[in-house]
Amino acid sequence: LRYGEKLIKKIAEQSPVFIDNKHFDIPSTMCAAIQASFDAGASLATVHAMSGSEALTELAHLEAKLNKQRFFKILAVTILTSWNEKSYPSILKLETVADHVLGLSQLVLESGLSGLVCSPLELELLKNRNHYLVTPGIRFDLESHGDQKRIMSPKEALKAGSNILVVGRPIIHAKNPKEKSTDYAMSLFE
């Protein structure tokens, strides 16, 4: 959003746009934010699954309404890939990351949404649960994971059931991002 709605609209004319703002607020505020993302041209936008049943259900109704105009998917973020059981907030430490992800994924499905953002390490747990799975924490060099704690290679994540891979910093921070993204894409077919 740093560059404004005009840039989002321009990109959306060429390719689907994924706005990853991870909204976590009261239902009306989240719905307004998601509507604004849609109006700007996004095809995918994120909210936090921890926002609860009421918010997720209202968002599911909004997603259904927006899909009558064009494809649009609301993706519910489970547990951030920068967290593991040692680093996430103490209130969450009563359960494992996997247990939280499973519980949140069930809440998302019960609300009427199917889009879910999870680390690649939870893909096996979620396959065959009718989710549309978007996976951050994708790294080609598993030694260079930065602040991501739950990572996997692209081939492994696709094999485990990811529908969309999120690869950010490995491309953005490359000396030649265009060349790096092409190399990454080609490596999936090797």
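Residues numbered from 1 in each chain as written. Predicted model: local features only at pLDDT ≥ 70, side-chain atom pairs only at ≥ 80, totals over all residues. Heavy atoms only, no water.

Draft legend 1. Highlighting the pairing of strand β2 (residues 44-48). Buried residues dominate β2, accounting for five of its five residues. Residues Leu44, Thr46 and His48 of β2 are buried on one face, and the alternating residues Ala45 and Val47, pointing to the opposite face, are buried as well. As paired elements, strand β1 (residues 18-23) and β2 share three bridges and run parallel to each other. Bridge pairing in β2 links His23 to Val47. In this region the chain leaves β1, passes through helix α2 (residues 27-40) and returns to the parallel neighbour β2; the handedness of that crossover is right-handed. With five bridges connecting them, β2 and strand β3 (residues 73-77) associate as parallel partners. Note that in β3 the partner of Thr46 across the bridge is Leu75. (Buried < 20%, exposed > 50% of the residue type's maximum accessible area, 1.4 Å probe, protein only. Helix = DSSP H or I, 4+ residues; strand = E, 2+ residues; numbered from the N terminus. Pairing = 2+ DSSP bridges. Right-handed = clockwise from strand over helix to strand, strands pointing away.)

Draft legend 2. Seen up close, the nonpolar core. Grouped together as the largest cluster of nonpolar side chains are 38 residues, with contacts concentrated most on Ile34, Val47, Leu59, Phe72, Ile74, Val108 and Leu113. Element by element, the count of residues in this core is highest for helix α3 (residues 53-67), at six residues. If sequence neighbours within four positions are ignored, Phe72 has contacts with Ile34, Phe38, Ala42, Ser43, Leu44, Ala45, Glu63, Leu66 and Asn67. Within the second largest apolar cluster, five residues are counted, among which are Leu44, Leu75, Val117 and Val134. (Core = buried A, V, L, I, M, F, W, Y, C linked by side-chain atoms within 4.5 Å. Contact = heavy atoms within 4.5 Å.)

Draft legend 3. Geometry of the pairing of strand β5 (residues 132-135). The sheet contact formed by strand β4 (residues 115-117) and β5 spans three bridges and is parallel. The residue of β5 that forms the bridge with Gly115 is Tyr132. Two strands pair when backbone bridges link them, and β5 and strand β6 (residues 164-165) are joined in this way by two bridges, in the parallel orientation. Bridge pairing links Val134 to Ile164 in β6.

Draft legend 4. Focus on helix α4 (residues 97-111). Relative to the 21 Å expected for 15 residues at 1.5 Å per residue, α4 spans 21 Å between its end C-alpha atoms, a close match to the ideal helical length. Along α4, the residues classified as buried are Val97, His100, Val101, Leu104, Ser105, Val108 and Ser111. Buried residues in α4, looked at end-on, bunch into an arc of 130°, giving them a common side. On its buried face, α4 sits against α3, β3, β4 and α5 (123-126). Looking one or two places after α4, you find Gly112, whose phi comes out positive at around 110°. (Expected span 1.5 Å × (residues − 1). Arc of directions from axis to C-beta.)

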